[in-house]
Amino acid sequence: MSSSPVTSPGAAPYYYVPGPSRWPLLAGLSMLVTMTGASGWVNSMSWAPAVCLAGIAAMLVVLYFWFGDAIRESESGLYGKRIDLSYRWSMSWFIFSEVMFFGAFFGALFYARVISMPWLADLDHQILWPDFSAQWGNTGPANIVDGFRTMGPFPIPTINTALLLTSGVTLTIAHHALRAGHRARTAFWLAATILLGAVFMGFQVYEYMHAYRDLNLKLTSGIYGSTFFMLTGFHGFHVTMGAIMLAVILYRVMKGHFTADNHFGFEGAAWYWHFVDVVWLGLYVVVYWL
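To start, this report covers the structure provided alongside it. (Residues numbered from 1 in each chain as written. Predicted model: local features only at pLDDT ≥ 70, side-chain atom pairs only at ≥ 80, totals over all residues. Heavy atoms only, no water.)

A cis amide bond, omega -5°, links Phe 154 with the succeeding residue Pro 155. Position of Pro 155 relative to the elements: it lies in the loop between helix H3 (81–120) and helix H4 (156–179). In this structure, Ser 44 is a non-glycine residue whose phi angle is positive, near 65°. Phi angles above zero are rare outside glycine, and Phe 258 is one such case at about 75°. Take Phe 258: it is sitting in the loop between helix H6 (222–254) and helix H7 (264–289). Look at Phe 258 and you get buried, because its relative accessible area is 7%. (Helix = DSSP H or I, 4+ residues; strand = E, 2+ residues; numbered from the N terminus. Buried < 20%, exposed > 50% of the residue type's maximum accessible area, 1.4 Å probe, protein only.)

One way to put it is that helix H1 (residues 23–42) packs onto helix H2 (residues 48–75) with a least axis distance of 7 Å and a crossing angle of 155°. In terms of orientation, H1 and H2 fall into the roughly antiparallel class. H1 and H2 meet at a crossing whose hand is left-handed. In this structure, H1 uses Trp 23, Pro 24, Leu 26, Ala 27, Ser 30, Met 31, Val 33, Thr 34, Gly 37, Ala 38, Gly 40 and Trp 41 to contact H2, whose residues at the interface are Ala 48, Pro 49, Val 51, Cys 52, Gly 55, Ile 56, Ala 58, Met 59, Val 62, Phe 65, Trp 66 and Asp 69. Considered class by class, the residues forming the contact of H1 with H2 number 18 nonpolar, 5 polar and 1 charged. (Axes fitted to C-alpha atoms, helices over the stretch in contact; angles between N-to-C directions. Parallel < 35°, antiparallel > 145°, perpendicular 65-115°, else oblique. Left-handed = near helix turned anticlockwise from the far one by under 90°. Contact = heavy atoms within 4.5 Å. Nonpolar A, V, L, I, M, F, W, Y, C, P; charged D, E, K, R; others polar.)

Purely spatial values, then, with no claim about function.
What follows is the structure, given as structure tokens:
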């Protein structure tokens, strides 16, 4: 039996294993509190909003300190190539889970439009609902949904598409600048990417206000309203999370973290942002055009 690999002074260990940590337990408890409050909130429990918000706040505190520990370990040179590979696989599987998440939502939209709606309008159902038309954006077979107008692709969704596509370009420029060792240029283009994401969210908030105020389009507007707000709302949440991730990366760049050859924190956030861009392209075509 050979002995354990000897690590030279200042080099990363063969595979760094951190000591016992309280953060996984606290993260699980905060998630439990959050979901307990959320389940009560949707059932109109008076205590639920405060509990849900307290759980979210606790989770943010846990993530702040947990990620802080990981950053200190990385910056102190404890992470070698094997840890880097572990992070890459972890981020890849996380993004795959997000693909499945949005795949389920797109699947629900497909089922409603391509299968359920024509089925409810066929000859067998004309006796029950003679006035129902298989036109997307209807008020349901029994007309129990308040009348509304659908959301078109112009102008806000098209503007938002241009904003996200541009943000992908600015983020790529920032990545190339970091690999070339130009820290100031990296920070500038990262800040531009975050700003574009913030403008995107501002336009989406305005779009929702327009939908409620002018189109009478709400979450309760039948299957059209529920799928519209479900898909665009969760995507907006992902844009917000991605912008927060990039803001943390920007702060770390300005603090002197990362090198031209070692910057997976940047790359992981960039992967997530590009994923969000791709999802939006699908949304733009399927939700606003078709």
